[in-house]
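Chain and residue survey
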Amino acid sequence: MEKVKKNKLFFHDLSWYMVGAMIPMLLNLIKTPILTRHYTTDDFGYLGLMMTTFGYLSTISFSWLASCIWRYYNEFSKRIGLNILFSNILFLFVVSSVLLLVLSLILGLVFHYQEMDYLLIKLTFIAFLHFITKELLALYLVIIRIKGFAKMYNFLLIFQVALAFVLLMLFAFVLHMDITSILLSSFLVDLALIVLIGIKLVDKKKLKTLSLRFVSRRIIKILFGYGSLTLIAALFIMLIVSSDRYIIAMYDTISNVGIYTKVYDISQLSIMAIVFVFFSTINPRMIKELTYNFKNSDQLLVKYLYTFFLLGIPMTTLASIYSREIIQILLGEDFWAGYVIMPSVFFSAFIYGAVKFYENKLKFANKTAWIVRILGISFVLNLIMNFLLVPTYGYVAAAHTTLLTYIFMISCFLWNDSMSIFKNKAYLNDLIKVCLLMVAFWIIDLTIRERIDFGFFHAVVEALVFVGIYILLFYKKIKKIHLPV
């Protein structure tokens, strides 16, 4: 009875996070084809380079703070006090904001004196405002996720994305603003949410528990000791994913940077949305298990990993099979040539989702330095392959080298694996069967495409048949999943 109750709770939270992911994806399904027909590939090239640059700066300045909350929330809640943790986190956020402002001013001055396109200068300062509010809101949302408030989290997420979409349409098509409207609309909505949340916290006297007197060198040293390694690890991941845009810009056109950036982003976000939903569902329980029962956590982690593969492999494979149809729905015609990189991006994102399991365990084992070494070696390998192949084969090579890098990365984690899913013969047999079925689906699809004039209708019918076969063969396995949350 207890297992059934936990299973229902797992799928209850999973369904809420699925709604929170699907509605933004649906809005993206509407928004992306419109915007890629409204703005040029050059516009998206500039936006892509700016978002990549600020992504690095944001990782250095803010992202490690969220990882500190995940790592220490339960520990401070039980032993020290959350007001002390949050006071120190907020202090570090303010310091990081000042750092990002200085870096933004330097970047803007460089563009000014180099007489670069004025659009880049505008993007610089709007990107600064966008990332400041985005990261502050993200810290609050992390706390909600840790507490397991699935409904509240997803309500905020849906409201945020929906209102930003409305503003974006207004800015782009009524006020006829340039591509900065994409960032400006998100910034204004995030700012409004921060103000509303701030009013709520003041009303409940939550902010009174925060104080500068709780900020201490000892706590900051603990946070920075953990966060600095996490920061480096996150930076390496970002470099693996996005540094190739600069290499493409060096050896190719800004237009192809725009094509690569947009195709890569929608492909990665499609799979990462699924990964995010899964981890959002399991994280509260997984973090508690790693905090309070680390020595016996392997059993739970293997169950999670098995479920991740059982559900994720078919989704990733089917998305790859229908890359051409997906890109024709989501992007303007100028971007369609980029469909060839989508399978590599899909599987890269999925493999990184699997890597996160090993990362989480090693972080709680205080082996973050080992993670950094693997990611550092992976980045160097990726950089070498990009410089060797991108000048000749263009952005297609960049996507393939990223996939090869992730395969190398997960191989390193598996080599050091103490919770190996491959030790469980029943799990291993199931996953081998899933992989063989997916290979069969891909071969069948290629055969059909060679023999008939394959259109969108054929793709829908074929996909429904493939999904039906998978459910028919693995329904009992899926039904038996009992995951505590």
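This report concerns the structure included in the present document. (Residues numbered from 1 in each chain as written. Predicted model: local features only at pLDDT ≥ 70, side-chain atom pairs only at ≥ 80, totals over all residues. Heavy atoms only, no water.)

Structural notes on helix α13 (residues 368-393)
Spanning 26 residues, α13 covers 35 Å between terminal C-alpha atoms, matching the ideal 38 Å at 1.5 Å per step. N386 marks the point of greatest bend in α13, at about 30°. Here α13 has its buried residues at T368, I371, V372, I374, L375, G376, S378, F379, N382, M385, N386 and V390. G394 occupies a position one or two residues after α13 and carries a positive phi of about 70°. (Helix = DSSP H or I, 4+ residues; strand = E, 2+ residues; numbered from the N terminus. Expected span 1.5 Å × (residues − 1). Bend = angle between axes of the 7 residues up to and from the residue. Buried < 20%, exposed > 50% of the residue type's maximum accessible area, 1.4 Å probe, protein only.)

Structural notes on the packing of helix α10 (residues 298-321) against helix α11 (residues 323-330)
Remark: α10 packs on α11, axes separated minimally by 5 Å, with the N-to-C direction vectors making an angle of 75°. By the angle between their axes, α10 is roughly perpendicular relative to α11. Listed contacts from α11 to A319, S320 and I321 of α10 are S323, E325 and I326. When the residues that make up the contact of α10 with α11 are grouped by side-chain class, the tally is 3 nonpolar, 2 polar and 1 charged. (Axes fitted to C-alpha atoms, helices over the stretch in contact; angles between N-to-C directions. Parallel < 35°, antiparallel > 145°, perpendicular 65-115°, else oblique. Contact = heavy atoms within 4.5 Å. Nonpolar A, V, L, I, M, F, W, Y, C, P; charged D, E, K, R; others polar.)

Here's the deal with the packing of aromatic side chains
Each aromatic ring pair is described using two quantities: the centre-to-centre distance and the angle formed by the ring planes. Counted by the stated rule, this structure contains 16 aromatic pairs. Taking 5.5 Å as the distance between ring centres and 45° as the angle between the ring planes, the aromatic pair formed by Y260 and Y264 counts as tilted. Taken as a pair, Y260 and Y264 lie in helix α9 (residues 254-292) at a separation of 4 residues, close to a single helical turn. The residues Y260 and Y264 share a single accessibility class, namely buried. With a centroid separation of 6.2 Å and 70° between ring planes, the pair formed by W370 and F413 is classed as edge-to-face. (Phe/Tyr/Trp six-rings, centres within 6.5 Å; stacked < 30°, edge-to-face > 60°.)

Some words on a nonpolar patch on the surface
Side chains of L90, V94, V98, V102, I106 and V110 sit close together on the surface and give an oily, nonpolar patch of about 480 Å² of accessible area. You can see I106 is positioned in helix α3 (residues 82-113). Note on I106: relative accessible area 48%, which makes it partly exposed. (Patch = residues over 30% accessible without salt bridge, like charges linked within 9 Å, V, L, I, M, F, W, Y side chains within 5 Å. Areas by Shrake-Rupley, 256 points an atom, 1.4 Å probe, with all protein chains shown as cover. Salt bridge = Lys/Arg side-chain N within 4 Å of Asp/Glu carboxyl O.)

Re the nonpolar core
Core analysis: the largest hydrophobic core is formed by 136 residues, its most contacted members being F54, F308 and M409. When residues of this core are assigned to their parent elements, the largest contribution, 17 residues, is made by helix α2 (residues 41-80). When residues no more than four places from it in sequence are discounted, the contact partners of M409 are I237, I240, V355, I374, L375 and S378. I144, Y153, A164 and V189 belong to the second-largest nonpolar core, a separate cluster that totals 12 residues. (Core = buried A, V, L, I, M, F, W, Y, C linked by side-chain atoms within 4.5 Å.)

Everything listed is a geometric property; what it means functionally is a separate question.
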